[in-house]
Amino acid sequence: MPLKRDALSSLAAQLPEIFGGDLPEELRELDIPIMHAMSMVGAALPEGAAELCNRTWWIVDFKRKRLATSDVPVIPLPDENTTERSAAGLRSPEGVYFPLSPQTALFIGPPGTAPEADQIVPGNARLARQFTTATLAWTRDCLFHHPDDDPLRGYTLPEPRRGEIRWEVWGGPEPDQPQPATA
């Protein structure tokens, strides 16, 4: 997650001060992307992979609606009990959404769903709205969409949030009056 990457970068920048300017050799050239990847994968990989594989997976195919994505493409989805202080991640109460193309998304169901229910499902306006609202809530710096599509029309675009520390943001951007959106 970008938040963890930011925290690791911040820590690396503060190491000289923490060590009083005399930084040990092994800390002089830290590779933050590698450290971030290792911290995410580590011991959690087997358990996390098994948990995701044992849930319902849907390929959602949109015929008319189009999707945007962002610099945070894997989106945990909230439920009615989710607050700004709820932990977010792969165990999100309504599952996880990941756009694969402008008209196709992967939806991994919430914990407790069964892989026997895997299927390809047609997308609809409600799902496109839910996915777009979640994408906007999690975007940090950049939104992306195909130049021939305008899936963000009618939404208020968020300001960049690099370095912002937060648990989860829901009740985020909702469609408002139609207006040109730029990405």
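Note that the structure is a prediction, hence the values are computed from the model and not measured.

Considerations on the overall build of the protein
Right, on to step 1. On a plain count of helices and strands, the protein comes out with four helices and seven strands.
Right, on to step 2. The order of α-helices and β-strands along the protein, N terminus first, is α-α-α-β-β-β-β-β-β-α-β.
Right, on to step 3. For the protein, buried positions account for 33% of its 183 residues.
Right, on to step 4. Sequence-distant contacts, at least 24 apart, represent 68% of the contacts inside the protein between residues at least 6 apart.

So, the pairing of strand 4 (residues 96-101)
Consecutive residues of a regular strand have side chains that alternate between opposite faces of the sheet.
Right, on to step 1. By the bridge criterion, two bridges tie strand 3 (residues 75-76) to strand 4 in an arrangement that is antiparallel. Paired with Ile75 across the two strands is Tyr97, which belongs to strand 4.
Right, on to step 2. With five bridges connecting them, strand 4 and strand 5 (residues 104-108) associate as antiparallel partners. Bridge pairing links Ser101 to Thr104 in strand 5.
Right, on to step 3. Connecting strand 4 to the next strand, strand 5, in antiparallel fashion are two residues.

Considerations on the pattern of salt bridges
Right, on to step 1. Scanning the entire structure with this criterion turns up three salt bridges.
Right, on to step 2. Here Lys63 ties to Asp61 by a salt bridge, and the two come within 2.8 Å at their closest N and O atoms.
Right, on to step 3. Taking relative accessible area as the criterion, Asp61 reaches 21% and is therefore assigned partly exposed.
Right, on to step 4. Notably, a salt bridge pairs Asp150 with Arg153, separated by 3.4 Å at the nearest N-O pair.
Right, on to step 5. Residue classification places Asp150 among the partly exposed residues on the basis of a relative accessible area of 25%.

Re a nonpolar patch on the surface
Right, on to step 1. A surface patch of nonpolar side chains, amounting to about 280 Å² of accessible area, comprises Ile59, Leu100 and Ile120.
Right, on to step 2. Inspection of the secondary structure puts Ile120 in strand 6 (residues 119-122).

What to know about the nonpolar core
Right, on to step 1. Val60, Phe62, Leu77, Tyr97 and Phe131 are the most contacted members of the largest nonpolar core, which totals 16 residues.
Right, on to step 2. Here the element with the most residues in this core is helix 4 (residues 125-138); it accounts for six residues.
Right, on to step 3. Ala68, Leu143, Leu152 and Tyr155 belong to the second-largest nonpolar core, a separate cluster that totals five residues.

Focus on the confidence of the model for the protein
Should pLDDT be low for a region, the predicted coordinates there are not to be read in detail.
Right, on to step 1. Residue-level pLDDT values for the protein average 76, and 63% of them are 70 or greater.
Right, on to step 2. Note that pLDDT drops below 50 for residues 165-183; the model gives that stretch 58 contacts with residues more than four away or on any other chain.

A closer look at the side chain of Thr56
Right, on to step 1. As for its placement among the helices and strands, Thr56 is situated in the loop between helix 3 (45-53) and strand 1 (57-61).
Right, on to step 2. If we skip the residues at most four places from it in the chain, Thr56 touches Phe107, Ile108, Gly109, Thr113, Ala114, Pro115, Ala117 and Asp118.

Calculation criteria
- Along each chain, the written sequence defines residue order, and numbers are assigned to residues from 1.
- Thresholds applied to this predicted model are a pLDDT of at least 70 for local features of residues and 80 or more for the giving and counting of side-chain atom pairs; totals over whole chains, interfaces and linings are not thresholded and use all residues.
- Water and hydrogen atoms were dropped before computing side-chain values, which therefore reflect all heavy atoms in the structure.
- Where helices and strands are cited, they refer to DSSP runs of H or I of at least four residues and of E of at least two residues respectively, numbered from the N terminus.
- Accessibility here uses a 1.4 Å probe with only protein chains present; expressed as a share of the type maximum, an area under 20% marks a residue as buried, one over 50% as exposed, and anything in between as partly exposed.
- Any pair of residues with heavy atoms lying within 4.5 Å of one another is described as a contacting pair.
- Strand pairing is defined by DSSP finding a minimum of two bridges between the two strands.
- A side-chain nitrogen of Lys or Arg and a carboxyl oxygen of Asp or Glu constitute a salt bridge if their distance falls within 4 Å.
- Exposure above 30% relative accessible area and the absence of a salt bridge qualify a residue for a patch, where like charges join within 9 Å and nonpolar side chains (Val, Leu, Ile, Met, Phe, Trp, Tyr) within 5 Å.
- For the area figures, the Shrake-Rupley method with a 1.4 Å probe applies, and any residue is considered shielded solely by the protein chains shown.
- We define a nonpolar core as any set of buried Ala, Val, Leu, Ile, Met, Phe, Trp, Tyr and Cys residues linked to one another through side-chain atoms lying within 4.5 Å.
- Residue-level confidence of the predictor, termed pLDDT, takes values from 0 up to 100.

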